[in-house]
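Okay, here's what each chain looks like letter by letter:
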Amino acid sequence: MASLLLGCITNFFTYETTKSVVVKSWSVGIINRIVQLLIITYFVGWVFYHEKAYQVSDTGIESSVMTKVKGFGYQHNRVMDVADYVFPQQGAGVFCIMTKVIITENQFQGKCAESVKMFSCDTDEDCHKHFGAILSNGVITGVCLKSSNDSKGQCEIEGWCPAENDNLKITPMLNVKNFTIFIKNSIRFPLFNVTRGNFPSTMTSEEIKNCTYHPETNPFCPIFRVGDVLNRTGQTVDNLADKGGEIGINIEWKCNLDLNIEYCMPKYSFTRLDAPFAKNAVSKGYNFRFAKYFKTENGTEFRTLHKAFAIRFDVMVTGNAGKFDTIPTLINLVAAFTSVGLGTVLCDIILLNFLKGAEQYKAKKFEEVSEAQIEASLAQSPGSQLSLKAGIKSSYDSGAISLATSDQPI
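Report follows, based on the coordinates. (Residues numbered from 1 in each chain as written. Predicted model: local features only at pLDDT ≥ 70, side-chain atom pairs only at ≥ 80, totals over all residues. Heavy atoms only, no water.)

What about a nonpolar patch on the surface?
Point 1. Together, Leu-5, Ile-9, Phe-12 and Phe-13 line one region of the surface with nonpolar side chains, adding up to about 500 Å² of accessible area.
Point 2. Along the chain, Ile-9 falls in helix H1 (residues 2-12).
Point 3. When its relative accessible area of 41% is taken as the criterion, Ile-9 is described as partly exposed. (Patch = residues over 30% accessible without salt bridge, like charges linked within 9 Å, V, L, I, M, F, W, Y side chains within 5 Å. Areas by Shrake-Rupley, 256 points an atom, 1.4 Å probe, with all protein chains shown as cover. Salt bridge = Lys/Arg side-chain N within 4 Å of Asp/Glu carboxyl O. Helix = DSSP H or I, 4+ residues; strand = E, 2+ residues; numbered from the N terminus. Buried < 20%, exposed > 50% of the residue type's maximum accessible area, 1.4 Å probe, protein only.)

What follows is the structure, given as structure tokens:
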């Protein structure tokens, strides 16, 4: 037990130092240089050139979006302008263009028959099971309304009457494809105090009014044709006008501030956001309801209910900016120089485990020296190199041992 404890203490108070062994092997040397070349190529090509790791980045982009839609269409035998089909009217980054509307006019508070087929009935008891239903157009009273004793009835509701019938066949407003969307986007990178707009300040009002966005011929025009936007998402107005849908317009800013600020310009991309639900039997498309309220001469309130099917547009702004900085450059340079040493680690693994003569390599690479051996060596011949065997060359300027492949079996 005492000897085991002494051995543990002795092993703890030991010191390891590096011993250099020069191996003159073509195969190991080629592997070492290839690994180093790959590591250097990765850091130069990917880390520094592609990822620009020498820069400090600002991803906290501040953005403001203003939109404006223009165009005219036909719905319910009347001309629809922007005030009729755009919601909300404030020109925000999220807006809807209505393509179809079901109108229920002159609704008054009262009691009437439900219009939804799931609330059909034969007796009052059939309506009692629908108490508290949220899919009805009003509060179920529990009364079954029938035009005759032999006919099928509908449960009575209390609310706005007559009840809405949203199963009507309405022709959608296909003129939507010719509408235009004007997008005004300003961004700021607070870390660098850089502010930019999505179209050049040199563009005149006439140029803006007469241009239409195209990713190749006119990439900086802020006016987008709705039909073109839908086509770039793989959709058409015919596909979306009946049930509605959700379209995303992404404005991406990637700015290299080491270059001229004029190169900091946006790139646009388009996608259908509700694509996962496009083939669903329920909750398909996009719709919402709104009402316009009026009063009769005697003060009774009534309303006109609108169920609108619309294409919803979400304008999303993303981006980052980068600029040269000393600290990330030094950090990544140190990481690059350190990683080059991985070639040595790989070659050591090959030498010590996979080549013939691995035991001989281990003997040359790892050598244990005790104080007793040093004292005995000095007592025999001070200044001599008793630790080196015949045939092993010592480099006096660096202390490295040169080991040729001819000296060891491979």
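Structure shown, so let's carry the discussion forward.
So, the nonpolar core
Point 1. Counting residues in each nonpolar core, the largest one holds 45 residues, and the members touching the most others are Tyr-85, Ile-97 and Phe-313.
Point 2. Within the residue set of this core, elements represented by two or more residues are strand E6 (86-87), strand E7 (94-113), strand E11 (180-189), helix H6 (226-231), helix H7 (237-240), strand E14 (245-256), strand E15 (266-272) and strand E17 (301-324).
Point 3. In terms of residue count, the dominant contributor to this core is E17 (seven residues).
Point 4. Excluding anything up to four places from it in sequence, Ile-97 contacts Val-69, Tyr-85, Val-176, Phe-179, Val-226, Ala-310, Ile-311 and Phe-313.
Point 5. Grouped together as the second largest cluster of nonpolar side chains are 10 residues, Phe-119, Cys-144, Cys-155 and Ala-163 included. (Core = buried A, V, L, I, M, F, W, Y, C linked by side-chain atoms within 4.5 Å. Contact = heavy atoms within 4.5 Å.)

Here we look at the packing of aromatic side chains
Point 1. Evaluation of the coordinates by the stated rule reveals 17 aromatic pairs.
Point 2. Ring centres 4.9 Å apart and planes at 65° place the aromatic pair Phe-224 and Tyr-268 in the edge-to-face group. Of the two residues, Phe-224 sits in strand E13 (residues 223-225) while Tyr-268 sits in strand E15, which places them 44 residues apart along the sequence. Accessibility assignment for this pair places Phe-224 and Tyr-268 in one class, buried.
Point 3. Members of the aromatic cluster, each reached through a chain of ring pairs, are Phe-87, Tyr-286, Phe-288 and Phe-290.
Point 4. The cationic tip of Lys-100 hangs over the ring face of Phe-309; the distance from NZ or CZ to the ring centre is 4.4 Å. (Phe/Tyr/Trp six-rings, centres within 6.5 Å; stacked < 30°, edge-to-face > 60°. Lys NZ or Arg CZ within 6 Å of the ring centre and 35° of its normal.)

Re the packing of helix H2 (residues 26-50) against helix H9 (residues 342-353)
The angle between the axes and the distance between the axes are what describe a pair of packed helices.
Point 1. Look at H2 against H9: their axes get within 8 Å of each other, and the N-to-C directions meet at 150°. The orientation of H2 relative to H9 falls into the category roughly antiparallel. Crossing handedness for the pair H2 and H9: right-handed. Where H2 approaches H9, its residues Val-28, Ile-31, Asn-32, Val-35 and Ile-39 are matched on the opposing element by Leu-342, Gly-343, Thr-344, Leu-346, Cys-347, Ile-350 and Leu-351.
Point 2. Considered class by class, the residues forming the contact of H2 with H9 number nine nonpolar, three polar and no charged. (Axes fitted to C-alpha atoms, helices over the stretch in contact; angles between N-to-C directions. Parallel < 35°, antiparallel > 145°, perpendicular 65-115°, else oblique. Left-handed = near helix turned anticlockwise from the far one by under 90°. Nonpolar A, V, L, I, M, F, W, Y, C, P; charged D, E, K, R; others polar.)

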